[in-house]
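Descriptive analysis of the structure
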Amino acid sequence: MFPEYVNIAGLSLSQTIITSSISLVLFLVFVLIYNKIKTKNEDSSFVALIDMLVEEMDKFFGSVSDKVPSSVKVYVLFLFFYILWNNLFGLFLDMFATVIPSLHHYTRPVTTDIIFNAMLAVLGVVWSLVYWFKNHWFHFIERYVPALFWKWVGIAGEKPDNIFKLLLWAIVKFFDLLLWLFIGLLEFVWEFTKMLSLTLRLFWNIIAWVVLLTLIVAATIAFIKVPFLWPLVVVVMELLVGFLQAFVFALLVMVYFKMAEESH
């Protein structure tokens, strides 16, 4: 669940820090190559493919909610491509690590680090709550402390005129208040549930496929004796899972922002 720490030049670094650093460098190299090719030839198939992917994903996330500000759309788009890049890079490293087992000691796919996933989840949910509060103010607080109790404590003119009915009315109102306080508590717990759900969904899906790929490739090497005969179907499925998990994570964060925009 947690990465190991490796001593490199006197520094204690986690496997995911090493992997993410390499991944970031390669991503910057990728961007530089993309810019260079685009400068020389805007009609390049490579440039067209990347532009089409970015534009289509931007359109899709924008269609989820056309009311959220552009900064939120950029953030969600960044989340998708950042997680996707790390998933693909993690798969790439795992494939090499089956041939060079010592790589496992130094690297580990970033999205198999539950702390990394939790940071992304907390940031997305907290930002959506800040956006919710900015849009709705009192109604945001009302979700957790329903109408600040006043709707259910009683309004002038509601109270019965005899003591028996008054006592019954007070008991009903008391339990009514407890009920709405409980609902407010559930709303509060729901926010933590969203963070936990985002974190564990990404973590378990990615780590499960990493383990499966490693076992199948190891079995292939052991029984077929051909180290480079990769189980192509599993690799393709790993690519699909990496894409889907990045997509689902970013989509859910956008949905939370949409809920923050539309709730009353």
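Look up a bit, the structure's there.
So, here is what we can say about the structure in this document. (Residues numbered from 1 in each chain as written. Predicted model: local features only at pLDDT ≥ 70, side-chain atom pairs only at ≥ 80, totals over all residues. Heavy atoms only, no water.)

**A word on the packing of aromatic side chains**
Where two aromatic rings form a pair, the distance of their centres and the angle of their planes describe that pair. Rule in force here: Geometry of aromatic contacts follows a simple scheme: Phe, Tyr and Trp rings, the Trp one being its six-membered ring, pair when their centres are within 6.5 Å, and the pair is stacked under 30 degrees between planes, edge-to-face over 60, tilted otherwise. Per the convention used, a helix needs a DSSP run of H or I reaching at least four residues, while a strand needs a run of E reaching at least two, with both numbered from the N terminus. For every residue, the accessible area (1.4 Å probe, protein chains only) is compared with the maximum for its type, and the residue is labelled buried under 20%, exposed over 50%, or partly exposed between those bounds.
Evaluation of the coordinates by the stated rule reveals 18 aromatic pairs. Taking the centre distance of 5.4 Å and the plane angle of 50° together, the rings of Phe30 and Trp85 count as tilted. Of this pair, Phe30 sits in helix α1 (residues 15-40) while Trp85 sits in helix α3 (residues 70-99), placing them 55 residues apart in sequence. Assessed through its relative accessible area of 26%, Phe30 is described here as partly exposed. With a relative accessible area of 22%, Trp85 lands in the partly exposed category. Centroid distance Phe60 to Phe247: 5.2 Å. Interplanar angle 40°. Geometry classified as tilted. Of this pair, Phe60 sits in helix α2 (residues 45-64) while Phe247 is found in helix α9 (residues 232-262), placing the two residues 187 residues apart along the sequence.

**Concerning empty space enclosed by the protein**
Test applied: Grid points spaced at 1 Å over the protein atoms alone were grouped into cavities, where a 1.4 Å probe fits but cannot get out, and pockets, open sets with protein on both sides within 12 Å along at least five of seven lines, with lining residues defined by an atom within 4 Å of a point. Grid points are joined across faces, edges and corners, and a volume is the space filled by probe spheres set on the points. Amino acids are sorted into nonpolar (Ala, Val, Leu, Ile, Met, Phe, Trp, Tyr, Cys and Pro), charged (Asp, Glu, Lys and Arg) and polar (every other residue, Gly among them).
Taken as a whole and assessed by the stated rule, the structure comprises one cavity of 30 Å³ or more. As for the largest cavity, its lining consists of Asn87, Leu88, Leu91, Ile206, Trp209, Glu238, Leu239, Val241 and Gly242. Looking at the lining of the largest cavity, the elements that each hand over two or more residues are α3, α8 (163-224) and α9. Considering each element in turn, the lining of the largest cavity owes the most residues, four residues, to α9. Its residues assigned to classes, the lining of the largest cavity shows six nonpolar, two polar and one charged.

**Focus on α2**
Put simply, the rule is: What a helix is expected to span follows from its residue count: subtract one and scale by 1.5 Å. Here, the arc refers to the directions that run from the helix axis to the C-beta atoms.
A rise of 1.5 Å per residue sets the reference length of α2, with its 20 residues, at 28 Å; its end C-alpha atoms lie 29 Å apart and thus fit the reference within 8%. By the burial criterion, the buried members of α2 are Val47, Ile50, Met57, Phe61, Gly62 and Val64. With its buried residues spanning 150° around the axis, α2 presents them on a single face. Relative to its buried face, α2 has exposed residues pointing more than 90 degrees away, namely Ser45, Leu49, Lys59 and Ser63.

**Some details on the pairing of strand β2 (residues 11-14)**
Selection rule: What makes two strands pair is DSSP finding at least two bridges between them.
Bridge count between strand β1 (residues 5-8) and β2: four bridges; the pairing is antiparallel. Across the sheet, residue Tyr5 finds its bridge partner in β2, namely Ser14. Between β1 and β2, which pair antiparallel in sequence order, lie two residues; one of them, Ala9, sits at a positive phi of approximately 55°.

**Concerning the pattern of salt bridges**
Stated precisely, the cut-off is as follows: Salt bridge, as used here, is a side-chain nitrogen of Lys or Arg placed within 4 Å of a carboxyl oxygen of Asp or Glu.
By the definition in use, this model includes two salt bridges. Of the charged contacts, one joins Lys38 and Asp51 as a salt bridge, the two residues approaching to 3.7 Å between their closest N and O atoms. Of the two residues, Lys38 sits in helix α1 while Asp51 sits in helix α2, which places them 13 residues apart along the sequence. Of the charged contacts, one joins Glu191 and Lys194 as a salt bridge, the two residues approaching to 2.8 Å between their closest N and O atoms. Of this pair, Glu191 and Lys194 both sit in helix α8, three residues apart, roughly one helical turn. Judged by relative accessible area, Glu191 falls into the buried class, the value being 4%. Judged by relative accessible area, Lys194 falls into the buried class, the value being 1%.

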